[in-house]
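Structural overview
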Amino acid sequence: AALVEHTFVVSQVKLNRLCNDMLVTVVNGQFPGPAIEVKEGDSVAVQVINKSPYGLTIHWHGVKLQLNCWADGAGMITQCPIQPNKNFTYRFNVTGQEGTLWWHAHVGSLRASIHGALIIRPRSGSRSYPFPKPHKEIPIVIGEWWEMDLNQLDKNLRNGHLFDMPRVATINGKPGDLDNCSGTVKDSNILKVEHGKTYLLRIVNAAMNSEYYLKIAGHRFTVVAADANYVKPYTTDVIAIAPGETVDALLVADAHPAGRYYIVAKANQPPKPAIQIPVFISRGIVQYGDGPRKVEEKALSDSASLIMAPEMPDKHDAATSFYFHGNLTSLQPQPVPANVHEHLFYALDASFVCREGESSCNNATNMMGMVNNVSFQLPTTTPLLQAHYHGNTSSIGTLRELPDRAPRMFNYSETLEPTSKATSVRRLRYNATVEIVFQSPVLADTYANPMHLHGHDFLVLAQGFGQYNAETDVATYNLVDPPVRNTVHVPLFGWAAVRFVTNNPGVWFMHCHFGHHSSSGMAAAFVVENGPTLDSTLPPPPEDFPSCKTYNSRVSY
Ligand code: C2O
């Protein structure tokens, strides 16, 4: 196993997209940021040099970080932000995971521009991939181009305003040719392939607020992994990927080599969005060899008829996502722990609620995300992990135990009132088997909810439409080969059940990966106690751990 070292210089740089120069906060001048490539078992050291005006942290999304919660980089959950002109080096091992994960900033909305892929290959000398070795591997990072200051976005979100939208969706940082102010090949991500060869696409959804459907005209995918866990090869012409999720898929270049083919990422929208949302579509091009000559200078609109476009799902098609997720099973049978110690039922909601003293507030400006009626608030002075480690969580005035179920019979047709704000935590003893049923609202106008857990993978046992029924739905659980994931896409109008063992002491954030849901409180933290032995005890923090002393009020979290 090797030590893989990176230096991430975070700074504001001028990037040009869609005819505009924008000052964007990125890593090493790149959008998306650099991919980290490791072999399973490697150690990673990433020195973050913060030359931006913002406090920030970097989170290693999906990396299990065994006994290394300090490296998790969840702002004000595990650490104080790295202040401007300060450095911090994250050190962690990548063990027992193979496939694609990613990294992103974890304060406010900075992850919109600070993110990149984390690629984990099998260790050398071991068996290789459980599928034919691909000719090449190609990262596909789906993201968004925001033409606004992300701190302003945070401010607006904290005030319950959710009108802000990115300008366009991007594939590997490129908007594609559909915006009025683009339309040339240089704005599109070009995927060059050779006829007859197989490619491994490493797909990340780094977008803030949209699930995406991904298709390539004239081609099919074989999904082989999700969230860095192998799945039974699943052949499909469409991939559904929610924010926070990753998918590894094989692409066989077996179409006519003279053709060119659009690769399209199209947002999946809820059926009745509370506000008008544009349908975000980004497209790139798959071409064989070097493609038509001189195409680089040619406006795509001239030659559009030469490029085959896939037929995309309807913008309100929730079923395709439901079946895509439901069709994934893990490659190997999973030992599903049977004896559940903690049954948790988490009702999710993001609703417009009145503020105190307001009598009429239906103006869509007071959105609150919540879990079991509690809207999560980050601590402002001491990160939860530090408070927990020093045994003084009571110093966090806003701390509260999250109830294990919704406080009263959940009436899906209305806002779950009363809603309170708190730093809600659920304490769990070490080595407990936890089952969580996540319930999306059934009647309210809302989104599906990609719920992400830090520091653990979970088994996704089942999902369903409608209201979860404890008596009958248990019979639908997959106790043989459920997929293992770090993010579960709780279906629109439905529920999902996950199970995991608390084998990693620390404080682990659990939240919806939609930016406007998590910023407004659809989140909670799991406090996993130490186990009985040294190798189940969280070691002390690194010596150069960032302190909150110079906490910068410009930073949202
Ligand atoms: Cu990908 Cu808490 O995040």
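Residues numbered from 1 in each chain as written. Predicted model: local features only at pLDDT ≥ 70, side-chain atom pairs only at ≥ 80, totals over all residues.

Applied cut-off: UniProt positions are given in the numbering used here, feature names are shortened, and annotations may be inferred rather than shown by experiment.
Naming follows an unreviewed UniProt entry, where the chain appears as Laccase of Triticum aestivum. Per its UniProt entry, the chain bears the Function (unreviewed entry) comment "Lignin degradation and detoxification of lignin-derived products." What UniProt records for the chain under Sequence similarities (unreviewed entry) is the sentence "Belongs to the multicopper oxidase family."

1. With respect to the UniProt feature "domain: Plastocyanin-like" (unreviewed entry) in the chain
Selection criterion: Under the DSSP-based scheme used, a helix requires at least four consecutive residues in state H or I and a strand at least two consecutive residues in state E, with every element numbered from the N terminus.
Per the UniProt record, "domain: Plastocyanin-like" (unreviewed entry) is found at residues 11-124, 137-268 and 415-531. Overall, residues 11-124 shows 0% helix and 46% strand. The separation of its end C-alpha atoms is 35 Å.

2. Concerning the domain arrangement of the chain
Selection criterion: Boundary definitions for the domains trace back to an automatic or database domain assignment. Throughout, a residue-residue contact means that the two C-beta atoms, derived from backbone geometry, are no farther apart than 7 Å. When residues are grouped by polarity, Ala, Val, Leu, Ile, Met, Phe, Trp, Tyr, Cys and Pro land in nonpolar, Asp, Glu, Lys and Arg in charged, and all others, Gly among them, in polar.
If you check the domain split of the chain, you get domain 1 (1-123), domain 2 (131-330) and domain 3 (342-536). On the domain 3 side, the residues contacting the 30 residues of domain 2 number 30 residues. At the level of secondary structure, the elements contributing two or more residues to the side of domain 2 that touches domain 3 comprise helix H1 (150-158), strand S15 (229-236) and helix H3 (319-326). The dominant element in the side of domain 2 that touches domain 3, judged by the number of residues it contributes, is H3, at four residues. The class makeup of the residues in the side of domain 2 that touches domain 3 is 14 nonpolar, ten polar and six charged.

3. Some remarks on the sheet that holds strand S10 (residues 168-171)
As a reminder of what qualifies: Two strands form a pair only when DSSP identifies at least two bridges running between them. Axis lines are fitted through C-alpha atoms, for helices just across the contact stretch, and the angle between N-to-C directions can take any value from 0 to 180 degrees.
Spatially, the six strands line up as an open sheet ordered S10-S9-S12-S17-S14-S15, and their pairing is mixed. Every other strand in the sheet has two partners, leaving S10 and S15 as the edge strands with one partner each. Averaged over all pairs of adjacent strands, the angle between strand axes in this sheet comes to 20 degrees, irrespective of strand direction. Relative to strand S17 (residues 246-252), strand S12 (residues 198-205) runs antiparallel, the two being bridged by seven bridges. Its bridge partner being in S17, Leu-201 is matched across the sheet by Ala-249.

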